[in-house]
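# Close look at the chain arrangement
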Amino acid sequence: MDGSGSWDAIDWNQIEDPRPRRPGQAVKESMDDFLLEDEEVIAQGHGVILLNNREAGTLSVTNFRLLFVSQAKKCVIDLGTIPLTTIEKLNDDVKLQPLPHLSDKSRPRELLQVIGKDMRIIVFAFVPKTKQKNEVFDALRRYTKPANLWDLYAFSCDPSTIKNDSEPKWRLLREYFRLFRKSLPQSRGAGEVSLSNDWWRLTRVNSSYSLCSTYPSELIVPRSISDEDLFQASTFRSGKRLPVISWCDPGSGAVLARSSQPMVGLMMNFRNNADEKLVCALSSRTTDDKGSPRKLYIIDARPRANALANGAKGGGSESSSNYPRSEVLFLGIQNIHTMRDSLSRLRDYVDAHGSISSNGSPSAVSVVGDRRNRGSTWGGGNLNSMTSFSSTLGEWLNHIQNILVGASWIAAQIAEEAASVLVHCSDGWDRTTQLVALACLLLDPYYRTFSGFQALVEKDWLAFGHPFAERMGVPTVAENGGSQYELLRQPSLGNLSSSPSRNVLGASGPSSHASVQSQTSNNSSPILLQWLDCISQLLRLYPSAFQFSSKFLVDFMDSVLSCRFGNFLCNSEREREQSGATNSCRCMWSYLADLRASGGIFHEHYNPFYDPVKHNGALLPPAAALAPTLWPQFYLRWTCPTESQGGDLESQWHAMNKKYAEAMKAKDIAEWRAKDIKMKMESVKQDLQRERRASGTALATAQSAQRENAAIKKAIESIGCTIKFSTSENQEDRTEVLSCSLRRGTDARGQEDENGDFSVSISAIEDSLVSEAPGDHFCESLCPFRTREGCRWPDAPCAQLGSQFVGLKANFDAFDRLSIQDCYFGPE
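Every chain is numbered independently, its residues counted from 1 as its sequence is written. pLDDT decides what is reported in this predicted model: residues at 70 or higher carry local features, side-chain atom pairs at 80 or more are listed and counted, and totals for whole chains, interfaces and linings draw on all residues regardless. Heavy atoms throughout the structure, all of them, feed into the side-chain values; hydrogens and water do not.

### Here's the deal with the overall build of the chain
Rules: Helix numbering and strand numbering both begin at the N terminus, where a helix is a DSSP run of H or I of at least 4 residues and a strand a DSSP run of E of at least 2. Burial classes: relative accessible area under 20% of the type maximum marks a residue as buried, over 50% as exposed, and values in between as partly exposed (1.4 Å probe, protein chains only). Residue contacts follow a heavy-atom distance rule, with two residues in contact if any of their heavy atoms lie within 4.5 Å. The Shrake-Rupley method, run with a 1.4 Å probe sphere, supplies the accessible areas, and residue values consider only the shown protein chains as cover.
Scanning the chain from N- to C-terminus turns up 25 helices and 20 strands. Classification of the 828 residues of the chain by burial places 48% in the buried group. Restricting the contact set of the chain to residue pairs at least 6 apart, pairs at least 24 apart contribute 71%. Approximately 40900 Å² of the chain is accessible, and the part contributed by carbon and sulfur atoms is 50%.

Here you go:
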């Protein structure tokens, strides 16, 4: 794609406008082939240009997504199609600044910029002097910010068509039983099921969510702690998120627990006896002969300064002096706002310097490099862009590395030292969830399978209340628990020109319109994306340890961002129950399972190198190996589609396997055709054999008939008669003819064909033609009027009948007793 003159090359007159005279009817019919079930078109623009790849098509706003259909290819363009809930920002006042290689000519200004949470920045160009852009933009502003949870597309399906294998609560209970290495009873009466061992027990003290509204209804706690102690300890933790067990090792007795920050106050002098008793109970005695006490690590995911700053709001961190045999450590992971800003800068840079850019001009070393300086420029600038890239990428990768190092350290202490670990941050649902879920993935090989990954996500992300609604900027249930729905976000207006890539795309001008419409709140953050990024780094380090592939992680993240399913709506298990999302919306796990089933064991979600025997224990990567790299399958898929898959061994395997599958399919088709041809040949051979046998039988019959005919002819000729075969009845003969004609039929015109008329004539020879042949002697010997004087022809009585043949009838009975096989006739 040549970037020079990208706007000048657009001839708007050549773009077909397929809008019908009566808009509603024909437009809907033309889009039916591209719409999902229960998806409806709200607004449309025709002759729209997707500036990223210069594709012309129809842009539709539906109740689920922004849909772009190519005008030439008649198919959905993935780059220009994005779910509404995945849109982070909209900008309707984009100005394209002149680039060094573009001429300074007037350019159309009907542009709409869409920024996605999936690293996508796309720009649409509308036909000038039309109202299409305003119609599309107004629909996007209205439907990307629904005021009600039930306005989401996930609730548009018919609940009667939803198939749920089991409820999330039952699946969580099944995971708890697996951790205790016990079998779950077949009865689904959760209130009747008990679970406990020497160290821990399952409690339902939070069944009505009175203990903690953001925790699950069933909790694993130390056996020595009563339900009353749990209520007292919850008052000492932020949001009442008291310390509870997330993962346990029945072999060693070590546990991985989670909570929120303690409310120790500004001077860090507040204490709670129930909380201290609960935390100490997490470090039960070891199983060795001495019964020595177990070490307890209290991990604060925040920087120490942030923990101290939270003291002004009543929060803070623990003091090891108040918790025996404990050690407090800080991991220095930044808060949600820092993560959001870091990802935004990375997205801007990748868009500005990718091979497919939102400004329509590609940037690659081979295209815009300065040959005189041997390609010293890159991305339309100079080597300073590389410095900017190193800074932007390094900032994001530092965050990923901090999470990886923290989770690996936690897993190592539990696996090697048999120590217990308590993890928390401020609220205990962002950084805490990242660390705990990643440490579980390292410790337990079950979580590296498809079923285990689902159990892990449902346990640590869904059941323990990660606020998906706030982090993704979608509506949820009101805090009071009623049926009222509210938005847990505020409109965020910003200036895109402040980011580096906006200097290329152009700054927003002083338009009367709101220049930027934000889909997300101040509390939005890519927390789940960071966790999946960490898993992708582990996939690179241990390519045979995971049953799923990097492509599965990408599709999983896209499914969560789309809000197409009810699993990840709302902020907690309690809110999902109140909204009915579980029973009213489709399940994402079933959707992903159906995708895998459609491709069999060769589906791209499967890791072809998975070896469960090789990695049947904990993964404990050394610190030197925890140097992350950019996750190309997710971050570069829109701007560098070829490069995003080029260096990945897994992608290469899937590509080769795809070719192999196609070759095997062609082979199967060829073998089937060969088998079919062989069967047909066998059938033809059998038919030929039957025809040959029938032909042989007919030939034998014909030969037998020929011999009989010859014998009859010989017999008849021996009595002085001739046999004549002819196809004409008009031939004149000197014989007296007694004929029998066999009529075989004529064609439609009454004309004779070669097999038409056939006659057989038996004639008696006239007297003048009778010679002294042996037949005369035969006649004399057979004549009934024979006398001693011999034949008296023509004075004999037989002559009176006019025919020698007729005369033979006088003794026909004697003649009839003769056989053609008798030697009477003799040789010729």
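### Here's the deal with the pattern of salt bridges
Here is the rule: The term salt bridge refers to a side-chain nitrogen of Lys or Arg lying within 4 Å of a carboxyl oxygen of Asp or Glu.
On inspection of all chains with the given rule, the structure shows 26 salt bridges. Among the ionic pairs, Glu395 bridges to Arg345, the shortest N-O distance being 2.4 Å. Pair noted here: Glu395 is in helix 9 (residues 384–417) and Arg345 is in helix 7 (residues 336–352), with a separation of 50 residues, a long-range link. Note that Glu671 and Lys667 form a salt bridge whose closest N and O atoms lie 4.0 Å from each other.

### Notes on the packing of aromatic side chains
We describe a pair of aromatic rings using the distance from one ring centre to the other and the angle between the two ring planes. Stated formally: In summary, the pairing rule links any two rings of Phe, Tyr or Trp, Trp by its six-membered ring, whose centres are within 6.5 Å, and it sorts them by plane angle into stacked for under 30 degrees, edge-to-face for over 60 and tilted for everything else. Throughout this description, the term charge over a ring refers to an Arg CZ or Lys NZ atom that lies within 6 Å of the ring centre and within 35 degrees of the ring normal.
In this structure the tally under the stated criterion is 29 aromatic pairs. With a centroid separation of 4.6 Å and 35° between ring planes, the pair formed by Phe64 and Tyr153 is classed as tilted. Here the residue Phe64 occupies a position in the loop between strand 2 (55–62) and strand 3 (65–70), and Tyr153 occupies one in the loop between helix 2 (132–143) and helix 3 (168–179), the gap between them amounting to 89 residues. For the pair shown, Phe64 and Tyr153 are each scored as buried. Considering the side-chain rings of Phe453 and Phe552, the 5.5 Å spacing of their centres and the 75° angle between planes classify their relative orientation as edge-to-face. With Phe453 in helix 11 (residues 450–463) and Phe552 in helix 15 (residues 550–562), this residue pair connects regions lying 99 residues apart in the sequence. We classify Phe453 as buried; its relative accessible area is 0%. Owing to a relative accessible area of 1%, Phe552 belongs among the buried residues under this scheme. The rings of Phe450, Phe453, Trp461, Phe468, Trp531, Phe546, Phe548, Phe552, Phe556, Phe568, Trp589 and Tyr606 are connected pair by pair, giving a single aromatic cluster. Directly above the aromatic system of Trp638 lies the positively charged group of Arg120, at a separation of 3.9 Å from the ring centroid.

### Points about helix 3
Quick reminder of the rule: Here a helix's expected span is defined as the number of its residues, less one, multiplied by 1.5 Å.
The end-to-end C-alpha distance of helix 3, which contains twelve residues, comes to 17 Å, matching closely the 16 Å that a straight helix rising 1.5 Å per residue would cover. Turning to helix 3, its buried residues are Trp170, Arg171, Leu172, Leu173, Glu175, Tyr176, Phe177 and Leu179. Residues of helix 3 that are buried sit in contact with strand 8 (200–203), strand 9 (219–222), strand 10 (244–248), helix 11, helix 16 (573–579) and helix 18 (588–599). Phi for Arg181, located one or two positions after helix 3, is positive at around 60°.

### Here's the deal with the packing of helix 15 against helix 18
Each packed pair of helices is defined by two parameters, the angle between the axes and the distance between the axes. Note the cut-off: Every axis corresponds to a line fitted to the C-alpha atoms, with the helix fit spanning only the stretch in contact, and the corresponding angles, defined between N-to-C directions, vary from 0 to 180 degrees. It is the rotation of the near helix from the far one that decides the hand of a crossing: anticlockwise by less than a right angle makes it left-handed, clockwise makes it right-handed. All residues other than Ala, Val, Leu, Ile, Met, Phe, Trp, Tyr, Cys, Pro, Asp, Glu, Lys and Arg, Gly among them, are scored as polar; the first ten of these are nonpolar and the last four charged.
Following both chains from N to C, one finds helix 15 and helix 18 inclined at 145°, their axes separated by 11 Å at the closest point. Note that helix 15 runs across helix 18; the crossing there is right-handed. Contact residues: helix 15 offers Phe552, Phe556, Ser559 and Val560, while helix 18 offers Met588, Trp589, Tyr591, Leu592 and Arg596. Along the lines of polarity and charge, the residues of the contact of helix 15 with helix 18 split into seven nonpolar, one polar and one charged.

### Looking at the environment of Lys169
To be explicit about the condition: Throughout this description, a polar contact denotes any pair of N or O atoms lying within 3.5 Å of each other; where both atoms belong to protein, one of them has to be capable of donating a hydrogen while the other can accept it, and for residues adjacent in sequence the pair is counted only when both atoms sit in side chains.
On the secondary structure map, Lys169 appears in helix 3. Counting along the chain gives 294 residues from Lys169 to Ala463, while the straight-line C-alpha distance between them is 8.4 Å. Other than its neighbours up to four places away in sequence, Lys169 contacts Tyr209, Ser217, Glu573 and Glu577. At a separation of 2.7 Å, a polar atom in the side chain of Lys169 contacts the side chain of Glu577.

### Quick word on the side chain of Ser357
Here Ser357 is to be found in the loop between helix 7 and helix 8 (365–368). The buried category is assigned to Ser357, whose relative accessible area is 1%. Engagement of the side chain of Ser357 in a polar contact is seen with the backbone oxygen of Asp351, the distance being 2.9 Å. Filtering out sequence-adjacent residues up to four positions away, Ser357 remains in contact with Leu51, Asn52, Asp351 and Ala352.

### Here's the deal with the pairing of strand 14 (residues 420–424)
Filter applied, for reference: Paired strands are those between which DSSP finds at least two bridges.
With five of five residues buried, strand 14 lies mostly within the body of the structure. Side chains Ser420, Leu422 and His424 of strand 14 all project onto a buried face; the interleaved residues Val421 and Val423 project onto the opposite face, where all are buried too. Bridging between strand 12 (residues 296–300) and strand 14 involves five bridges; their strand directions are parallel. Looking at strand 14, one finds that Tyr297 is bridged to Val421.

### As for helix 14 (residues 527–541)
Taking 1.5 Å of rise per residue, 15 residues should cover 21 Å, and helix 14 covers 22 Å from first to last C-alpha, within 8% of that figure. For helix 14, a buried count of 13 out of 15 residues is recorded, marking the element as mostly surrounded by other parts of the structure.

### What about the nonpolar core?
Looking at soluble globular proteins, one finds that nonpolar side chains tend to be buried together. The test is simple: Residue types Ala, Val, Leu, Ile, Met, Phe, Trp, Tyr and Cys, when buried and joined through side-chain atoms within 4.5 Å, form a set referred to as a nonpolar core.
Residues Phe453, Trp531 and Phe556 are the most contacted members of the largest nonpolar core, which totals 132 residues. Here this core gets ten residues from one element, more than from any other, and that element is helix 9. Every residue in contact with Phe556, bar those within four places of it in the chain, is listed here: Phe453, Val457, Leu528, Leu532, Phe568, Met588, Trp589 and Leu592. Counting residues in hydrophobic clusters, the runner-up holds 24 residues, among them Phe68, Leu79, Leu112 and Phe137.

### Observations regarding the pairing of strand 6 (residues 111–116)
Consecutive side chains of a regular strand alternate in pointing toward one face of the sheet and then the other. With six of six residues buried, strand 6 is to be regarded as a mostly interior element. Here strand 6 shows no split at all, with Leu111, Gln113 and Ile115 on one side and Leu112, Val114 and Gly116 on the other all buried. In this structure, strand 5 (residues 87–91) lies alongside strand 6, joined through four bridges in antiparallel fashion. Opposite Leu90, over in strand 6, you have Val114 as the bridge partner. Relative to strand 7 (residues 121–125), strand 6 runs antiparallel, the two sharing five bridges. Within strand 7, the position partnered with Leu111 by the bridge is Ala125. The hairpin turn running from strand 6 into strand 7, its antiparallel successor, is four residues long, and Met119 in that turn takes a positive phi close to 70°.

### Topic: the environment of Lys658
By the secondary structure assignment, Lys658 is in helix 21 (residues 649–718). Exposure remark for Lys658: the relative accessible area of 55% places this residue in the exposed category. A C-alpha to C-alpha distance of 9.3 Å links Lys658 and His603, two positions 55 residues apart in sequence.

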